[in-house]
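# Residue-level structural notes
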There are 2 protein chains.
Amino acid sequence: MGLSDPDWDIVMRAPLFKAMGATITRAMIGDRGPKTYGRGERVFDEGDPADGFFCLIEGWAKLYRLREDGEEVVVAIFSAGETFAEVAMFLGGRFPAGCEAVSPARILKIDAAKLRRAVMDQPQLAFDMLAAASMRLRQLVDEIEHLKARSAPQRIADFFVRQAAATSGPARIALPYEKALIASRLGMKPESFSRALGKLAGLGVAVERESVSIADVARLAAFAVG
Amino acid sequence: MGLSDPDWDIVMRAPLFKAMGATITRAMIGDRGPKTYGRGERVFDEGDPADGFFCLIEGWAKLYRLREDGEEVVVAIFSAGETFAEVAMFLGGRFPAGCEAVSPARILKIDAAKLRRAVMDQPQLAFDMLAAASMRLRQLVDEIEHLKARSAPQRIADFFVRQAAATSGPARIALPYEKALIASRLGMKPESFSRALGKLAGLGVAVERESVSIADVARLAAFAVG
DNA sequence: GGGCTCGCTTGACCTTGGTCAAGGACGGCG
DNA sequence: CGCCGTCCTTGACCAAGGTCAAGCGAGCCC
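How each quantity is defined
- Residues numbered from 1 in each chain as written.
- Chains lettered and ligands numbered in written order.
- Predicted model: local features only at pLDDT ≥ 70, side-chain atom pairs only at ≥ 80, totals over all residues.
- Heavy atoms only, no water.
- Helix = DSSP H or I, 4+ residues; strand = E, 2+ residues; numbered from the N terminus.
- Rg over C-alpha atoms; globule rule 2.2 N^0.38 Å.
- Buried < 20%, exposed > 50% of the residue type's maximum accessible area, 1.4 Å probe, protein only.
- Contact = heavy atoms within 4.5 Å.
- Areas by Shrake-Rupley, 256 points an atom, 1.4 Å probe, with all protein chains shown as cover.
- Lys, Arg positive; Asp, Glu negative; His and termini not counted.
- Charge placed at Lys NZ, Arg CZ, Asp CG, Glu CD.
- Buried area = accessible area lost by both parts, 1.4 Å probe.
- Salt bridge = Lys/Arg side-chain N within 4 Å of Asp/Glu carboxyl O.
- Polar contact = N/O pair within 3.5 Å; in protein donor to acceptor, adjacent residues only side chain to side chain.
- Nonpolar A, V, L, I, M, F, W, Y, C, P; charged D, E, K, R; others polar.
- Pairing = 2+ DSSP bridges.
- Axes fitted to C-alpha atoms, helices over the stretch in contact; angles between N-to-C directions.
- Domains from an automatic or database assignment.
- Least-squares fit on C-alpha atoms with pLDDT ≥ 70 in both.
- UniProt positions renumbered as here; feature names shortened; annotations may be inferred.
- Near = heavy atom within 4 Å.

### Remarks on the overall build of chain A
When helices and strands are counted, chain A shows ten helices and eleven strands. Taken against the 2.2 N^0.38 rule, which gives 17 Å for 226 residues, the C-alpha radius of gyration of chain A at 18 Å falls within 12% of a compact globule. Along the first, second and third principal axes, the C-alpha atoms of chain A reach 50 × 45 × 40 Å. Taking all 226 residues of chain A together, 49% fall into the buried category. When contacts within chain A are restricted to residue pairs at least 6 apart in sequence, long-range pairs at least 24 apart make up 73% of them. Entry remark: accessible area of chain A is about 10800 Å², with carbon and sulfur atoms responsible for 52%. Across chain A, the centroid of the 30 positively charged side chains sits 4 Å from that of the 29 negatively charged ones.

This is the structure in structure tokens:
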């Protein structure tokens, strides 16, 4: 049981898979499917051997550390189309943090061994991946330097578009329980998030308690880049 | 004739070289020195084979494309401590843009062949570089999402500190002819740049027409991170 | 030298988003 | 059913930086 076509779309948005190309990616993933997690379910624990990396296909997951006093510190939040835990895997050690699903989620795991074998067989692949990493680095530096270029509503629109499985037409996406989580994910305060959502109403975005419905993803996408 | 010690400091600030580690970097660069370019001199042209990448040690260079109507579009501006053209090199094709020195500059070129050989000999190196790239990515994401709180004066201070060869004490750095270029490089308008410079006067930064003198680099660095 | 252009600075005003603080809305629980 | 805590929204205010527009100074060409 492999991935469905919309799932492939999402997987191929990840820079790492883009770098490898669709053919090699498909060969590496084979017909393994994503695993489904419930809200609060563990993906891996701190200290587990880092024998692979992950690609989130649907839902949300958080990376967290437990401080000595038992308090949890959220290190990062991932959502659809993002890969994570590659660092630990490339270094070949153990996970320095735990990961759990924040909402129901589907997550694909890719074996380190398979990636390693692919790179050894075909060292050019390493260069492709480095090229992708460099490109992404440059892009992020740009983002830092001209963060002003995109307003809060635009960043939210962009985020919703990435979440949506479809690239045009209507869509509905699920939000994790707390909206403050999304706000921090997008680098803004909950208040700004709330206000910005109001401004998106004019573009066919309706927000319910735990989900968002979009009248036309393509229209929202156009607004996000503008 | 290898690099001088302050030059090494600057080279090792580049993430790519950090990833490889000082030993391999030194082995790869060997005793090749940087080439000196005059203002307006070509570093490479669009369409040249991408047989290496570059590290800017002193001065400024711009990456540009010529549109069909002959108009020049500046794609990026580089200054001390930055590497560029890695993407084209990793992909092993031709340069998709031209590059020329905007001010007198010293630029080090690293052969693709040497890097390629190092990676082929020692595929683990590719993983190390990927791990470093991923780590840097994560770090940049953090910077975007949390630490976007750096004011214009702070960004300028940070920029000047990176430019300076020394890490403490007084320094003088050269600016390219138009300050608007620096402003765009730092993601702000020339007006804001001008005003922000005024605020740095209190920290021992004196601006002349084409250069800046800094009373104490360490003090400026402290302000930049604060 | 006088006018000219071009880059830089300065001033007044506006938009964006952060901050602080005060309400709602909903669910859990006694 | 009402009390309460949590999350979300809303409003008033503020600081940073963008925008528009005018002034200034240096080089340049006649």
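### Side note on the interface of chain B and chain A
Contact residues are listed per partner, giving 33 residues for chain B and 32 residues for chain A. When chain B packs against chain A, the two sides together hide about 3300 Å² of surface, and 73% of this comes from carbon and sulfur. On inspection of chain B and its partner chain A, the count reaches zero salt bridges. Counting across the chain B and chain A interface gives zero residue pairs in polar contact (both at pLDDT 80 or more). At the level of elements, α4 (86-91), α5 (112-121), α6 (124-145) and α8 (179-185) of chain B are the ones that each hand at least two residues to the side of chain B that touches chain A. The element that contributes the greatest number of residues to the side of chain B that touches chain A is α6 of chain B, accounting for 17 residues. In the side of chain B that touches chain A, the residues fall into 19 nonpolar, five polar and nine charged.

### Looking at the environment of Arg94 of chain A
Residue and element names in this part refer to chain A. Mapped onto the elements, Arg94 comes out in the loop between α4 (86-91) and β7 (98-101). Note on Arg94: relative accessible area 55%, which makes it exposed. Taking the C-alpha atoms as reference, Arg94 lies 4.2 Å from Pro49; in sequence the two are 45 residues apart. Residue contacts for Arg94: discarding those within four places in its chain leaves Gly47, Asp48, Pro49, Ala50 and Ala88. A polar side-chain atom of Arg94 sits 2.8 Å from the main-chain carbonyl oxygen of Gly47.

### A few points about the sheet that holds strand β11 (residues 211-214) of chain A
Residues and elements named next belong to chain A. Here three strands make up an open sheet; going across it, the order is β9-β11-β10 and the pairing antiparallel. Two strands close off the open sheet at either side, each with one partner strand: β9 (171-174) and β10 (205-207). The mean inter-strand angle of the sheet, taken between neighbouring strand axes irrespective of direction, is 20 degrees. Of the pairings in the sheet, the one linking β10 to β11 comprises three bridges and is antiparallel in character. Note that in β11 the partner of Val207 across the bridge is Val212.

### A closer look at the domain arrangement of chain A
Residue and element names in this part refer to chain A. Partitioning chain A into structural domains gives domain 1 (5-145) and domain 2 (150-225). A C-alpha centroid distance of 23 Å is found between domain 1 and domain 2. The partner domain 2 presents 15 residues to the eleven residues of domain 1 that form the contact. Overall, the association of domain 1 and domain 2 removes approximately 1000 Å² of surface from exposure, summing both partners, and the carbon and sulfur fraction of that is 56%. Viewed at the interface, domain 2 and domain 1 are joined by one salt bridge. Between domain 1 and domain 2 we count five residue pairs in polar contact (both at pLDDT 80 or more) in total.

### Describing the relation of the copies chain B and chain A
Overlaying chain B on chain A yields an RMSD of 0.4 Å, the required transformation being a rotation through 175 degrees with an accompanying axial translation of 0.4 Å. With respect to symmetry, the two chain copies, as superposed, fit the operation of a two-fold axis. Nearest to the rotation axis, the C-alpha of Ala126 of chain B is located 2.9 Å from it, this being the minimum over chain B. By residue overlap, the copies meet face to face through one surface: 88% of the interface positions of chain B are interface positions in chain A.

### A look at the UniProt feature "domain: HTH crp-type" (unreviewed entry) in chain A
With numbering matched to this structure, UniProt assigns "domain: HTH crp-type" (unreviewed entry) to residues 150-218 of chain A. The span residues 150-218 of chain A carries 46% helix and 16% strand; its end-to-end C-alpha distance comes to 18 Å.

### A look at the protein's contact with DNA strand D
Among the 15 residues in the neighbourhood of DNA strand D, the closest are listed as Lys179 and Arg195 of chain A together with Ala152, Ser192 and Arg195 of chain B. Between a phosphate oxygen of DNA strand D and a main-chain N or O atom of Lys179 of chain A, the distance comes to 2.7 Å. Residue Ala152 of chain B places a main-chain N or O atom 2.5 Å away from a phosphate oxygen belonging to DNA strand D. In the surface near DNA strand D, the residues fall into four nonpolar, four polar and seven charged.

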